[in-house]
Amino acid sequence: MTQLPERAFLADLFSAAVAAADPRVILQESLPQMPRGRTVVIGAGKGAAQLAAAFESLWPGPLTGVVVTRYGYAAPCERITVMEAAHPVPDQAGLDASAALERAVQGLGPDDLVVALICGGGSALLPAPAEGLTLADEIALNETLLASGAPIGVMNALRKQVSRIKGGRLAAMAAPARVVSLVVSDIPGDDPAQVASGPTVPDPGRRAAALAAAAAHGITLPPRIKAYLDAAPPESPLPDAPEFSRNEVRVIASARHSLEAAAALAQAHGVPAHILSDSIEGEARDVGHVHAAIAREIAARGRPFAAPCLLLSGGETTVTLRGSGGRGGRNTEFLLALAHGIAGSTQITALAADTDGIDGSQDNAGAFADGSSVLRMRAADRDPAEDLSRNEAWSAFDAAGDLFVTGPTGTNVNDFRAVLVGGLPPRQC
């Protein structure tokens, strides 16, 4: 399909959002003070390799280290070992990577520095089952959580309970070395203890609260996980534990910064931009219906904003799998619901994409939608309502030629959603 001006404009906004979280730019202002001893770099997440490469190029002294990223997301590093593993369900390579990070922080002294480069995706990339559990148990838990539709905070609270790395435990292993965690947040609210389940950032959450949250969201834990937690294993260390007294945590990029960059670009092109929120959670399809209703209200009645305008939002929605599930991630599911809500409109165009470049398990970052999307899906022999009911959003947008493919971006500040209402000013067309 020919790239329409509105779509090119939205794609440029996505690029601006990603650029605002560029590893070299965000690290340049966040480098810790050089230590008297060694510098060891560790990291995990879908943008960890790019962060490691940028850190290498900026760090003025010697260093060693190891980071783990998703398969296909590696970047060349000279002194830091880059390992790859599976996401969103852990595998043996992730288990090996976790062991490598543990070895990297062993035997350090008070004059040594550990720099932790942490970003979204690290939870799955760092399987490290607690004593008495296995990799198969962590896989079973992750599959249960991914199908549950629970908020990311609930999922990560449970992951921390069954890990020997998460919940600050990796930082505790590095004591008495100082640990500086540089975090790229993909979490609504930007709590660094939640990003990648906080391997180097402890939080006060306790097991009882995690189990209560699981019950509240109707999560049935795998039997071996439930039995392990019922046996009351040791809790994760609290933030005021002495091994964390010299540590530092910095959130160096987030959805807020990226949405603000996109808004600035839109306004520079004469399109008023409104950031609805950078921390929206909930079922992706429900959020899509709400965004569609707001866009229709603007187009029809000029409220709560006058057209033309741009609506921006971020955060991390969830998808509850129906049956065996289908192809597509939370952004395409959001957009398929929105497409139903704006069907027939000639004034609304939208883009929803994951800032890491991959939405779900396919190779697209997200997709575009406008008032003709549903009709074009039907013309391509798809039933978009049925596709939505089966979590098959990818197939619907693929059939319509509306997928948005960027490849891995090297960063991850979560979902990016942009809805243009009223078209572009004349100078943009």
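Structure first, text after, so check above.
In short, a report on the structure. (Residues numbered from 1 in each chain as written. Predicted model: local features only at pLDDT ≥ 70, side-chain atom pairs only at ≥ 80, totals over all residues. Heavy atoms only, no water.)

### A word on unusual backbone geometry
Inclusion rule: In DSSP terms, a helix is any run of H or I states spanning at least four residues, a strand is any run of E spanning at least two, and both are numbered starting from the N terminus.
A cis amide bond links His87 with the next residue in sequence, Pro88, at an omega value of 10°. Inspection of the secondary structure assignment puts Pro88 in the loop between strand S3 (80–85) and helix H4 (92–104). Looking along the chain, the bond that leaves Arg303 and enters Pro304 is cis, with omega of 0°. In this fold, Pro304 is placed in the loop between helix H12 (284–301) and strand S8 (309–315). The residue Ser197 is not glycine, and still its phi comes out positive at about 60°. Position of Ser197 among the secondary structure elements: in the loop between strand S5 (178–184) and helix H9 (207–216).

### Overview of the sheet that holds strand S1 (residues 39–44)
Counted only if it meets this: Here a strand pair is declared whenever DSSP counts at least two bridges between the two strands. Comment: axis = line fitted to C-alpha atoms, over the contacting stretch for helices; angle = value between 0 and 180 degrees taken between N-to-C directions. Residue contacts follow a heavy-atom distance rule, with two residues in contact if any of their heavy atoms lie within 4.5 Å.
Pairing in this open sheet of 6 strands is parallel, and the strands run S3-S2-S1-S4-S5-S6 from one edge to the other. Every interior strand has two partners, whereas the edge strands, S3 and strand S6 (248–253), have only one. With direction set aside, neighbouring strand axes in the sheet form an average angle of 15°. In the sheet, S1 pairs with strand S2 (residues 64–70) via 5 bridges, with the strands oriented parallel. Bridge assignment links Val41 to a residue of S2, and that residue is Gly65. Contacts from helix H3 (residues 48–58) reach S1, S2, S3, strand S4 (113–119) and S5, with the element oriented near 140° to S4.

### What about helix H10 (residues 223–230)?
Worth spelling out the cut-off: Partly exposed residues are those whose accessible area sits between 20% and 50% of the maximum for their type, while under 20% is buried and over 50% is exposed, using a 1.4 Å probe and protein chains only. Here, the arc refers to the directions that run from the helix axis to the C-beta atoms.
Regarding H10, the residues found buried are Ile225, Tyr228 and Leu229. Down the axis of H10, the sector holding all buried residues measures 95°, keeping them to one side. On its buried side, H10 packs onto helix H6 (135–148), helix H7 (152–161) and H9. Once H10 finishes, Ala232 follows within two positions and takes phi at roughly 55°, a positive value.

### Focus on the nonpolar core
Put simply, the rule reads: Within this scheme, the nonpolar core is defined by two criteria: the residues are buried Ala, Val, Leu, Ile, Met, Phe, Trp, Tyr or Cys, and they are joined through side-chain atoms within 4.5 Å.
Counting 47 residues, the largest nonpolar core has Ile42, Val114, Leu158 and Ile219 as the members making the most contacts within it. Here the element with the most residues in this core is H7; it accounts for 4 residues. Setting aside its immediate chain neighbours within four residues, Leu158 contacts Leu141, Leu145, Ala210, Ala214, Ile219 and Leu221. Counting residues in hydrophobic clusters, the runner-up holds 30 residues, among them Ala284, Leu338, Ala339 and Ile342.

### Some points on the side chain of Ser30
Worth spelling out the cut-off: N or O atoms within 3.5 Å of each other form a polar contact, as long as, within protein, one can give a hydrogen and the other can take it, and as long as residues adjacent in sequence are counted only when both atoms are side-chain atoms.
With respect to the element layout, Ser30 can be found in the loop between helix H2 (23–28) and S1. Overall, the relative accessible area of 10% leaves Ser30 in the buried class. A distance of 3.2 Å separates a polar atom in the side chain of Ser30 from the backbone oxygen of Ile26. Not counting the four nearest positions on each side in its chain, Ser30 is found in contact with Leu182, Arg250 and Ile252.

### Concerning the pattern of salt bridges
To be explicit about the condition: Think of a salt bridge as a Lys or Arg side-chain nitrogen and an Asp or Glu carboxyl oxygen that are within 4 Å of each other.
Scanning all chains against the criterion turns up 26 salt bridges. In this structure, the salt-bridge partner of Asp370 is Arg7, at a minimum N-O distance of 3.3 Å. Of this pair, Asp370 sits in strand S10 (residues 366–370) while Arg7 sits in helix H1 (residues 5–19); the two residues are 363 residues apart in sequence, bridging distant segments of the chain. The burial state of Asp370 is the same as that of Arg7; both residues are buried. One salt bridge connects Arg417 with Asp415, and the closest N-O pair in it is separated by 3.3 Å. The class of Arg417 is buried, set by a relative accessible area of 1%. A residue is classified by how much of its surface remains accessible, and Asp415, at 2% relative accessible area, is buried. Connected via shared salt-bridge partners are Glu316, Arg330, Asp354, Asp415 and Arg417.

### What to know about the sheet that holds S10
Here 6 strands make up an open sheet; going across it, the order is S7-S8-S12-S9-S10-S11 and the pairing mixed. Two strands lie at the open edges of the sheet, namely strand S7 (273–280) and strand S11 (403–404), each paired on one side alone. The sheet contact formed by strand S9 (residues 348–354) and strand S12 (residues 415–421) spans 7 bridges and is antiparallel. Following the sheet pairing, Asp354 is matched in S12 by Asp415. Each of S8, S9, S10, S11 and S12 touches H1; the most contacted strand, S9, lies at about 30° to it.

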